Amino acid sequence: MNVHGTVAEGFEPVRDAFAQNFTALGERGAAVAVYRDGRKVVDLWGGTRNVDGTVGTEPWRRGTAQVVRSATKGVAAAVPLLLHRRGELDLDAPVGEYWPEFKAHGKERVLVRHVLNHRAGLPVLDRPLTPEDALDPRRGPAAVAAQAPVWEPGTDHGYHALTYGWLLDELVRRVSGGRGAGQWIADEIARPLGLDLWVGLPAAEEAAGRAGRVGRLDDPDPSEPGNGPRLRPKRAVTTAYEDPDSLTRRAFAAITPFPDQNDPVYRAAALPAANGIATADGLARFYAALIGEVDGVTRDVRLFDRATMELARAEESAGPDRILVVGTRFGLGYMLHGSASPFLGPGSFGHPGRGGSLGFADPETGIALGYVTNGFRKTVTADPRAQALVRAVRASLARGPS
């Protein structure tokens with residue numbers, strides 16, 4: 001397998017792990033980028049641009065972007081936190097204070113912070129949205145506003161897999177005079193930092209073929225040498241995903257059927273929970289700017305000050321997750337390091353994307369990582385390919401420069 005790109009001295013284990021993902025874990029096309037203290041130390045890519053090979057076997061190139069699914073949530077979470085820092089959004093105010101229609105059906109006590117820490121009690125829709133309705137920026141929020149909570153807001157937590165996006169987007173619109181999260185990210189995050197990262201892919205980028213085709217990958221055969229054992233999920237997790245009436249299944253079925261992720265119409269829409277499109281460098285550079293300065297388009301840029309960074313990674317929710325069933329930890333909009341989603345260390349914060357992608361930052365080491373892939377596995381929060389890269393970064397730090 002030809003791996004392209006560069007690694008700084010001491011980070012060779014990341015290149016080895018990245019190559020091993022192709023030979024042992026069935027990777028088709030992927031990229032990984034790592035920043036340390038605002039400087040890029042890993043920039044690797046390989047494989048094919050399209051997972052299914054339907055458009056020939058065009059190679060993955062520098063700048064190839066992919067749908068990153070729920071890794072979008074970590075990018076979107078920066079918007080309300082930055083609005084809070086500016087004094088425009090009160091995290092402890094009721095959502096209904098900004099969005100009066102939201103108060104219906106016992107939601108008067110849902111706070112803004114409950115949206116970000118997955119304690120709002122609104123992970124499901126009694127009437128799932130069609131793909132057409134889901135992509136309409138008005139209908140998703142209207143459906144959430146009409147929904148009754150499935151638990152008392154603030155008393156428990158459960159992953160809001162899709163509804164998170166409509167909740168966050170409408171809050172941002174109400175505070176920003178109609179500008180949604182996707183446009184806010186483009187204007188005030190991606191453009192100043194020069195990021196190849198979009199929540200709503202512009203027509204010009206679609207026409208330029210920036211995004212490859214994504215799709216499902218079968219798990220590698222554990223009997224093949226080098227593939228290792230196949231991990232079996234706990235019975236409770238399996239049952240939750242198989243039961244059509246469980247909160248788990250209903251949360252992931254809030255859009256039914258789910259849209260074709262390769263459809264240009266889907267990629268052009270802005271779903272802050274699910275359809276961000278990014279390069280590995282764009283995702284890593286974003287997280288680098290949350291914990292320190294990186295060189296921007298016209299000046300050095302840091303997105304979060306120290307107080308906002310600490311707010312993002314302070315534990316807000318922990319323990320058994322009503323949706324994911326396993327134990328999870330959340331700050332404000334970010335998953336925190338834990339058994340369900342291991343990052344680099346106890347202070348790390350970020351967000352995985354279901355089936356593969358990952359972005360996170362670790363302030364203690366100055367590390368920010370972005371991993372994107374065109375092949376989605378069955379994993380939800382801890383994909384083996386991403387975890388192999390995290391372990392390699394940890395090993396590189398322990399080893400130091402040769």
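Up top is the structure.
Residues numbered from 1 in each chain as written. Predicted model: local features only at pLDDT ≥ 70, side-chain atom pairs only at ≥ 80, totals over all residues. Heavy atoms only, no water.

**Remarks on the nonpolar core**
Alright, step 1. Formed by 80 residues in total, the largest nonpolar core has its most connected members in W166, I189, F286, F304 and Y334.
Alright, step 2. Residues within four places of F304 in sequence aside, it is in contact with A78, L81, L82, R85, A289, L290, M309, A312 and Y334.
Alright, step 3. Counting residues in hydrophobic clusters, the runner-up holds 36 residues, among them V7, Y159, F252 and V380. (Core = buried A, V, L, I, M, F, W, Y, C linked by side-chain atoms within 4.5 Å. Buried < 20%, exposed > 50% of the residue type's maximum accessible area, 1.4 Å probe, protein only. Contact = heavy atoms within 4.5 Å.)

**So, the pattern of salt bridges**
Alright, step 1. One pass over the full model with this rule turns up 30 salt bridges.
Alright, step 2. Salt-bridge contacts for R250 lead to D126; the nearest nitrogen and oxygen are separated by 3.0 Å. In this pair, R250 sits in helix α11 (residues 247-252) while D126 sits in the loop between α4 (112-116) and α5 (131-134), placing the two residues 124 residues apart along the sequence.
Alright, step 3. In this structure, R179 engages E188 in a salt bridge whose closest nitrogen and oxygen atoms are separated by 2.5 Å.
Alright, step 4. A relative accessible area of 24% places R179 in the partly exposed class.
Alright, step 5. Shared partners join several salt bridges into a network, and the residues in it are R86, R179, D187, E188 and R191. (Salt bridge = Lys/Arg side-chain N within 4 Å of Asp/Glu carboxyl O. Helix = DSSP H or I, 4+ residues; strand = E, 2+ residues; numbered from the N terminus.)

**Quick notes on unusual backbone geometry**
Alright, step 1. A cis amide bond links T256 to the next residue, P257, at an omega of -10°.
Alright, step 2. With respect to the secondary-structure elements, P257 resides in the loop between α11 and α12 (264-268).
Alright, step 3. Not every positive phi belongs to a glycine, and H118 is a case in point at roughly 65°.
Alright, step 4. Looking at where H118 falls in the secondary structure, it is placed in the loop between α4 and α5.
Alright, step 5. A relative accessible area of 0% means that H118 is categorised as buried.
Alright, step 6. Phi at V325 is positive, roughly 75°, even though this residue is not glycine.
Alright, step 7. Take V325: its relative accessible area is 27%, and that puts it in the partly exposed class.

**A word on the pairing of strand β3 (residues 39-47)**
Alright, step 1. β3 sits mainly inside the fold: seven of its nine residues count as buried.
Alright, step 2. When strand β2 (residues 29-36) meets β3, the two strands line up antiparallel, connected through eight bridges. Looking at β3, one finds that A33 is bridged to D43.
Alright, step 3. Connecting β2 to the next strand, β3, in antiparallel fashion are two residues, including D37 with a positive phi near 55°. (Pairing = 2+ DSSP bridges.)

**Considerations on helix α15 (residues 384-399)**
Alright, step 1. The terminal C-alpha atoms of α15 lie 22 Å apart, and with 16 residues this matches the ideal 22 Å at 1.5 Å per residue to within 8%.
Alright, step 2. Buried within α15 we find R385, A386, Q387, A388, L389, V390, A392, V393 and S396.
Alright, step 3. Contact partners of the buried residues in α15: α1 (12-25), β2, β14 (358-362), β15 (367-373) and β16 (375-376).
Alright, step 4. Downstream of α15 by a residue or two, G400 has a phi angle that is positive, lying close to 75°. (Expected span 1.5 Å × (residues − 1).)

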